[in-house]
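Results of the structural survey
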Amino acid sequence: MSEFFAMGGYAFFVWGAYGVTFALLAVEVFLLMKRKRETKT
Amino acid sequence: MTEQSLKWFWYASPQTFFPLARTIARLCAVLAVLFTLAGLYVGLFVAPTDAVQGEAYRIIYIHVPAAWMSMFLYVVMAFWAAVGLAFNTRLSFMMARALAPTGALFTFIALWTGSLWGRPTWGTYWVWDARLTSELVLLFLYFGYMALQASIDDRRRADRAGAVLAIVGVVNVPIIYYSVKWWNTLHQGASVSFNKAPSMAATMFTGMILMALAFWMYSIAVAMIRVRCEILENQS
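The structure contained in this document is the topic of the report that follows. Predicted, not measured: the structure shown is a model, and the values here were computed from it.

This part takes up the overall build of chain B. Each helix and strand in chain B was counted, giving eight helices and zero strands. Of the regular secondary structure in chain B, the N- to C-terminal order runs α-α-α-α-α-α-α-α. A compact globule built from 236 residues would reach a C-alpha radius of gyration of about 18 Å, and chain B, at 19 Å, matches this within 12%. Once the C-alpha set of chain B is aligned to its principal axes, its extents read approximately 60 × 35 × 30 Å. Looking at chain B residue by residue over its 236 residues, the buried ones come to 49%. A fraction of 75% describes how many contacts in chain B between residues 6 or more apart in sequence connect residues 24 or more apart.

Looking now at the packing of helix α5 (residues 130-151) of chain B against helix α6 (residues 155-169) of chain B. All names here are of chain B. Two numbers describe how α5 lies on α6: the axes approach to 8 Å, and their chain directions differ by 170°. Regarding the angle of α5 to α6, the classification is roughly antiparallel. When α5 is examined against α6, the residues L141, G144, Y145, L148 and Q149 are found in contact with a partner set consisting of A158, D159, A161, G162, A163, L165, A166 and G169. Its residues assigned to classes, the contact of α5 with α6 comprises eight nonpolar, four polar and one charged.

All names here are of chain B. Taken together, the buried positions of helix α7 (residues 172-182) are N172, V173, I176, S179 and V180. Down the axis of α7, the sector holding all buried residues measures 140°, keeping them to one side. Exposed side chains of α7 directed beyond 90 degrees from the buried face belong to K181 and W182.

This part takes up the interface of chain B and chain A. Counting residues at the interface gives 35 residues for chain B, matched by 24 residues for chain A. Where chain B abuts chain A, roughly 2500 Å² becomes buried across the two surfaces, and 78% of that area is made up of carbon and sulfur atoms. Linking chain B with chain A are three salt bridges, by the criterion used here. Across the salt bridge formed by R35 of chain A and E233 of chain B, the nearest N and O atoms sit 3.0 Å from each other. Looking at the side of chain B that touches chain A, the elements with two or more residues in it are α2 (14-46), α3 (60-87), α4 (90-122) and α8 (202-233) of chain B. Partitioned by chemical class, the residues of the side of chain B that touches chain A number 23 nonpolar, five polar and seven charged.

To continue, consider the side chain of N172 of chain B. Residues and elements named next belong to chain B. Relative to the helices and strands, N172 resides in helix α7. Given a relative accessible area of 9%, N172 falls into the buried group. Reaching out from N172, the side chain makes a polar contact with the backbone oxygen of S134 at a distance of 3.1 Å. In contact with N172, not counting residues within four places along its chain, are S134, V137, L138 and L141.

What follows concerns a nonpolar patch on the surface. All names here are of chain A. A grouping of V27, F30 and L31 is seen on the molecular surface, where their side chains present a nonpolar patch of about 300 Å² in accessible area. Mapped onto the elements of the fold, F30 is located in helix α2 (residues 11-40). Taking relative accessible area as the criterion, F30 reaches 51% and is therefore assigned exposed.

What follows covers α4 of chain B. Residue and element names in this part refer to chain B. Relative to the 48 Å expected for 33 residues at 1.5 Å per residue, α4 spans 46 Å between its end C-alpha atoms, a close match to the ideal helical length. The largest bend along α4 measures about 30° and falls at A100, with the proline P101 one to four residues further on. Of all 33 residues in α4, 25 are buried, a share of seventy percent or more. Where α4 terminates, the next one or two residues include G123, which has phi positive at roughly 90°.

Right, let's get into the environment of L213 of chain B. Residues and elements named next belong to chain B. Residue position: L213 is located in helix α8. A residue is classified by how much of its surface remains accessible, and L213, at 31% relative accessible area, is partly exposed. In this structure the C-alpha to C-alpha distance between L213 and L31, which are 182 residues apart in sequence, comes to 8.6 Å.

Criteria and thresholds
Residues numbered from 1 in each chain as written. Chains lettered and ligands numbered in written order. Predicted model: local features only at pLDDT ≥ 70, side-chain atom pairs only at ≥ 80, totals over all residues. Heavy atoms only, no water. Helix = DSSP H or I, 4+ residues; strand = E, 2+ residues; numbered from the N terminus. Rg over C-alpha atoms; globule rule 2.2 N^0.38 Å. Buried < 20%, exposed > 50% of the residue type's maximum accessible area, 1.4 Å probe, protein only. Contact = heavy atoms within 4.5 Å. Axes fitted to C-alpha atoms, helices over the stretch in contact; angles between N-to-C directions. Parallel < 35°, antiparallel > 145°, perpendicular 65-115°, else oblique. Nonpolar A, V, L, I, M, F, W, Y, C, P; charged D, E, K, R; others polar. Arc of directions from axis to C-beta. Buried area = accessible area lost by both parts, 1.4 Å probe. Salt bridge = Lys/Arg side-chain N within 4 Å of Asp/Glu carboxyl O. Polar contact = N/O pair within 3.5 Å; in protein donor to acceptor, adjacent residues only side chain to side chain. Patch = residues over 30% accessible without salt bridge, like charges linked within 9 Å, V, L, I, M, F, W, Y side chains within 5 Å. Areas by Shrake-Rupley, 256 points an atom, 1.4 Å probe, with all protein chains shown as cover. Expected span 1.5 Å × (residues − 1). Bend = angle between axes of the 7 residues up to and from the residue.

Here it is in C-alpha cells:
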C-alpha cells in the first residue's frame, strides 16, 4: 500500500496533479451549489 | 415553418429547457462519478508502469482528457455564442456563459498537470514552446471572455461583445491542436489522433478514454446546472 502511494518516487508530482485537479473540481461544484441555493431563495 | 423545425425551436425557450436541463444534469452527474471511479481504477491500478517515464506518466490520465476538454469546451462555447449572434436566442448566450468557467478550469488543470508531468520527464515545469504557450493563451481567452461579460452591465451588450471575443478566439484552438506538428515543440506529438491507432498500451488507452468520458459528463452536468441558475437569475 505504501508502495502505491510512493508512486515510484514520483509521489509529489502524481498526487500533486491528481490532488489539485479533484480539489478544483470540488471547489467548482461547491461554488455552483452555493449559487444554486442563492438563486432559489 | 414545418413541424420538424418547430420541434427544434421548442427547447430554444429557456422555460421549456429548464426542466430538461435538470434531467440531463442528474444523469450526467451520476455517469461522471461512475466513469471517474472506473477511470481512476484502470489508470492507477490496472495500467502497467511506463517503461521510460516510470509512475510519473500516470498524470496523463487527467492531463490529456483535461486538455481535450479545454479545447472542446471552447469550441462549444464559441458555437453557442455564434448561434446567439445569428438567431438572437437568449438561451444560446446563456449556454456560452455557462461553459466558460468550466472551460477555464480544465485549461488550468491541463497546464497544472502538464507542468507537474514536465518536471520529472523534461526536467522543467515550464517552457515557452508553441503548445504550452497557445494553451496559456486559451486560458487568457476564457478569462477575457468572463471579464468582458462581467464588466458590461447591459446583458444584451455583454452577450454580444463576449460572443465576438469568443468567436475570434476560436482561431487559437487549431493552433493548439496542430502546434506540435507546425513547430518544433518540446511537447510530444499526439499519441491518440483521428487517423491512426493509438500508440500506447490498450489499458492505458482505456484509462484515458474513461477519464475523458468522466470529464465530459462532469462538464455537461455542471454546465446544465449553471444554465439553470442563469435562467432563474434572468427572470426578474
